[in-house]
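# Structure assessment
Next come the chains, spelled out residue by residue.
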Amino acid sequence: MNIKKIIILITGILFLSGCSTINSMSYQNIINKTKSDSNLSNVIRKGYKYYIPKGMKLVNNKDYNEIIMDQDNTYYLYVDVVSYYNNVKFDYKVNKDSYYSQKLDNGYLEINKLENDKYLIEIMDNYAKIEVIVDKANIKKAIAYSNVLISSVEYKYDVLDNLMKDDSFNTSEVEFNIFKTIKSDSDFATYEQMYGTYDETDGIKDSDIIE
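We now examine the sheet that holds strand S10 (residues 154-155). The antiparallel open sheet is built from 3 strands, whose spatial order is S1-S2-S10. On the outer flanks of this sheet lie strand S1 (43-45) and S10, each paired with one strand and no other. Across 2 bridges, strand S2 (residues 48-50) lies against S10 in antiparallel orientation. From the neighbouring strand, Lys49 faces S10, where its bridge partner is Glu154.

One pass over the full model with this rule turns up 11 aromatic pairs. With 5.2 Å between their ring centres and 15° between their planes, Tyr85 and Tyr157 make a pair best called stacked. Here Tyr85, found in helix H4 (residues 81-85), pairs with Tyr157, found in helix H6 (residues 157-164); they are 72 residues apart in sequence, far enough to count as distant. Taken together, the ring pairs connect Tyr48, Tyr50 and Tyr64 into an aromatic cluster.

Moving on, we get to the environment of Asn23. In this structure, Asn23 sits in helix H2 (residues 19-23). For the pair Asn23 and Ile139, spaced 116 residues apart in the sequence, the C-alpha separation amounts to 9.3 Å.

With 5 of 5 residues buried, strand S4 (residues 65-69) lies mostly within the body of the structure. With burial as the criterion, each face of S4 is covered, one bearing Asn65, Ile67 and Met69 and the other bearing Glu66 and Ile68. Sheet topology note: the strand S3 (residues 57-62)/S4 ladder contains 5 bridges and is antiparallel. Note on S4: the bridge partner recorded for Leu58 is Ile68. Remark: 2 residues form the turn of the hairpin made by S3 and S4, two consecutive strands paired antiparallel; Asp63 in that turn has positive phi of roughly 55°.

Extensive coverage of strand S9 (residues 128-135) is indicated by the burial of 6 of its 8 residues. Bridge count for strand S5 (residues 74-79) against S9 is 4 bridges, and the pairing is antiparallel. Its bridge partner being in S9, Leu77 is matched across the sheet by Ile130. Of the strand pairs in this sheet, strand S8 (residues 118-125) and S9 are connected by 8 bridges, and their pairing is antiparallel. The residue of S9 that forms the bridge with Leu120 is Ile133.

The predicted model of the protein chain has a mean per-residue pLDDT of 78, with 68% of residues at 70 or higher. Between residues 188-196, whose pLDDT stays under 50, and residues either more than four places distant or in other chains, the model counts 23 contacts. Counted against residues more than four places away or in other chains, residues 198-211, with its pLDDT under 50, gives 33 contacts.

A separate point is H6. Two residues of an α-helix separated by three or four positions point the same way, owing to the 3.6 residues in each turn. Restricting attention to buried positions, one finds in H6 the residues Leu160, Asp161 and Leu163. All buried residues of H6 project into a common sector of 165° when viewed along the axis, lining one side. Structural note: H6 exposes Asp158 and Asn162 on the side pointing more than 90 degrees away from its buried face. Against H4 and S10 lie the buried residues of H6.

Conventions we followed
Residues numbered from 1 in each chain as written. Predicted model: local features only at pLDDT ≥ 70, side-chain atom pairs only at ≥ 80, totals over all residues. Heavy atoms only, no water. Pairing = 2+ DSSP bridges. Helix = DSSP H or I, 4+ residues; strand = E, 2+ residues; numbered from the N terminus. Phe/Tyr/Trp six-rings, centres within 6.5 Å; stacked < 30°, edge-to-face > 60°. Buried < 20%, exposed > 50% of the residue type's maximum accessible area, 1.4 Å probe, protein only. pLDDT = per-residue confidence, 0-100. Contact = heavy atoms within 4.5 Å. Arc of directions from axis to C-beta.

This is the structure we're talking about:
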């Protein structure tokens, strides 16, 4: 593995601990600095692997859904192996009604204000999506963590090729649509219906363990 790439990734992660630093950055700058370009990973699934940075913990996983927590928030990750395998392209249109809306390489970052001064962050790229509800003060930290997670996803095409050809693989189980945003009825609620809610002490797994 290219050690220079690892250092670049780790450097991007380390600034998360410096609140004054991250709070002075724009959303675009955060996206640029936290985008992974290495093979660094500590979680392995069937057909893909990804990296959970320090400060986060894996809570649970089911099919292609993952629940990950930091000290303040719960992140719901979905990896769309079917869209990756089929090389689906997506053209996002900026939502002027959102608190913040931005087109990414093959996805988007959209932030919408909810009730009680909460904000729903939806970030989709690299055929992976995260949704997380945060306080305003945690928006930038959540974007940074989310982007590290989704940009680190590395797919194994040969494994997925065999999986897609297997009659036992039921694509109907892969129901979450990463191309939908809150303006088109986001699927965020389906996560809590599927997994329930978690506190920091519930079933947490060590993010350093490769599964």
